[in-house]
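# Breakdown of the fold
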Amino acid sequence: MQTNQASILSTRNRRLIYGGGILSLLILSATCFSTVATSQDRAETIQGLQKQVKLEQKITGTYERALLGDSEGALKRLSSIDEQSLTNEQKKRLYESSHRSKKV
């Protein structure tokens, strides 16, 4: 006989429970969306950094070759690198080294 009294919820309590559930789902959805967006942004950042590291390794290898005496080969490799990906300092060094080799 007690089951009839315990199972009946007032309309107000039912609305509060449903409202709380819907609010919880909305918060969970927003959190998931934010997490996915953040992880995608991080993946793009990591890819950009990996490209930059590869470029820096290529440039470093070229400088090593130039220091070991293969300046002509180093100039050819440097000239094959896209100038837009070079820093201003690297562009300046490339310009200076190409003019020095032409004078000699």
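Reading the values: the criteria
- Residues numbered from 1 in each chain as written.
- Predicted model: local features only at pLDDT ≥ 70, side-chain atom pairs only at ≥ 80, totals over all residues.
- Heavy atoms only, no water.
- Helix = DSSP H or I, 4+ residues; strand = E, 2+ residues; numbered from the N terminus.
- Buried < 20%, exposed > 50% of the residue type's maximum accessible area, 1.4 Å probe, protein only.
- Areas by Shrake-Rupley, 256 points an atom, 1.4 Å probe, with all protein chains shown as cover.
- Contact = heavy atoms within 4.5 Å.
- Axes fitted to C-alpha atoms, helices over the stretch in contact; angles between N-to-C directions.
- Parallel < 35°, antiparallel > 145°, perpendicular 65-115°, else oblique.
- Left-handed = near helix turned anticlockwise from the far one by under 90°.
- Patch = residues over 30% accessible without salt bridge, like charges linked within 9 Å, V, L, I, M, F, W, Y side chains within 5 Å.
- Salt bridge = Lys/Arg side-chain N within 4 Å of Asp/Glu carboxyl O.
- Expected span 1.5 Å × (residues − 1).
- pLDDT = per-residue confidence, 0-100.

### Focus on the overall build of the protein
- A count of helical and extended segments in the protein gives four helices and zero strands.
- Of all 104 residues assigned to the protein, the portion counted as buried reaches 12%.
- For the protein, the exposed area adds up to about 9,100 Å²; of that, 58% sits on carbon and sulfur atoms.

### As for the side chain of Thr62
- Note on placement: Thr62 falls in helix H2 (residues 11–67).
- Ignoring any residue separated from it by four or fewer positions in sequence, one finds Thr62 in contact with Ala74, Arg77 and Leu78.

### Here's the deal with the packing of H2 against helix H3 (residues 71–79)
- One can describe the packing of H2 onto H3 by two numbers: an axis separation of 7 Å at closest approach and a directional angle of 160°. Here H2 is positioned roughly antiparallel relative to H3, judged by the angle of their axes. Crossing angle aside, the handedness with which H2 passes H3 is left-handed. Note on element contacts: H3 touches H2 through Ser71, Gly73, Ala74, Arg77 and Leu78, opposite Lys58, Gly61, Thr62, Tyr63, Arg65 and Ala66.

### Describing a nonpolar patch on the surface
- Together, Leu9, Ile17 and Tyr18 give the surface a local cluster of nonpolar side chains, amounting to about 320 Å² of exposed area.
- Mapping Ile17 onto the fold places it in helix H2.
- The exposure class of Ile17 is exposed, given its relative accessible area of 51%.

### Re H2
- Look at H2: 83 Å from first C-alpha to last across 57 residues, which is about the 84 Å you get at 1.5 Å a residue.
- Those residues of H2 lying buried are Leu55, Ile59, Gly61 and Thr62.

### Examining the confidence of the model for the protein
- Mean pLDDT over the protein stands at 79; residues scoring 70 or higher make up 79%.
- Here helix H1 (residues 2–7) stands out as the element of the protein with the lowest mean pLDDT, 51, in contrast to H2, whose mean of 89 is the highest.

### Describing the environment of Lys76
- The residue Lys76 is located in helix H3 in this model.
- Residues Lys76 and Thr62, 14 residues apart in the sequence, show an inter-C-alpha distance of 9.3 Å.

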